[in-house]
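Coordinate analysis (summary)
Read off the chains here:
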Amino acid sequence: MTTTSDNMIEIYTDGACKGNPGPGGWGVLLKSGGTEKELFGGELGTTNNRMEMMAVIQALQALKRPCEVTLYLDSQYVLKGITEWLPGWKAKGWRTASKQPVKNVELWQQLDALVSKGGHKIDWRWVRGHNGDPGNERADMLANRGVDMALGRA
């Protein structure tokens, strides 16, 4: 597979929640070459983990063709879920090691489909949240705009 710089993209994702559960938002910063695109959204009565997942789902859905992706996120839940826990969950019929139903299963299934069928090569990279990483700080700001939107303040 040949890749051009057109197919290389950096993505920063973050989720936010005011109360857990409570109103929440997700934010995405996509960077390719000199181009940047910001996405955000939110919903009422959600959780931080759901918003972290929605940010990654929305980011991957925004890609129009297979890309070489470097995806930065500050959520250990999403990172470990997609890189470590998912095969076991699927093998156990979407049950955890303690035989409990996987939380947010519909989002995990959606994310799994996007990752496995999207044709993307994804390099998952964890960054510490609220630690000065410019891309993560922008994604956090966008997630908070998503909260405001959900609350009708945007």
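As a reminder, the structure under discussion sits directly above these lines.
Here goes a summary of the coordinates provided. (Residues numbered from 1 in each chain as written. Predicted model: local features only at pLDDT ≥ 70, side-chain atom pairs only at ≥ 80, totals over all residues. Heavy atoms only, no water.)

**Looking at the sheet that holds strand 2 (residues 22-32)**
Pairing between sheet strands relies on hydrogen bonds along the backbone, with the strands arranged either parallel or antiparallel. Reading across the sheet, the five strands line up as 3-2-1-4-5 and stay open at both edges, with mixed pairing between neighbours. The strands lining the two open edges of the sheet, one partner per strand, are strand 3 (35-46) and strand 5 (121-126). For this sheet, the mean inter-axis angle between neighbouring strands, taken without regard to orientation, is 20 degrees. Bridge analysis of strand 4 (residues 68-73) against strand 5 gives six bridges, and the strand direction is parallel. In the sheet register, Tyr 72 faces strand 5, and the bridge partner there is Arg 125. Contacts from helix 4 (residues 134-150) reach strand 1 (8-17), strand 2 and strand 3, with the element oriented near 45 degrees to strand 3. (Pairing = 2+ DSSP bridges. Helix = DSSP H or I, 4+ residues; strand = E, 2+ residues; numbered from the N terminus. Axes fitted to C-alpha atoms, helices over the stretch in contact; angles between N-to-C directions. Contact = heavy atoms within 4.5 Å.)

**Concerning the pattern of salt bridges**
With the rule as written, the count across this model stands at seven salt bridges. In this structure, Glu 38 engages Arg 138 in a salt bridge whose closest nitrogen and oxygen atoms are separated by 2.8 Å. A residue pair is termed long-range when its members are at least 10 positions apart, and Glu 38 in strand 3 and Arg 138 in helix 4 qualify at 100 residues. For Glu 38, a relative accessible area of 35% translates into the label partly exposed. (Salt bridge = Lys/Arg side-chain N within 4 Å of Asp/Glu carboxyl O. Buried < 20%, exposed > 50% of the residue type's maximum accessible area, 1.4 Å probe, protein only.)

Taken by themselves, the reported measurements are silent on function.
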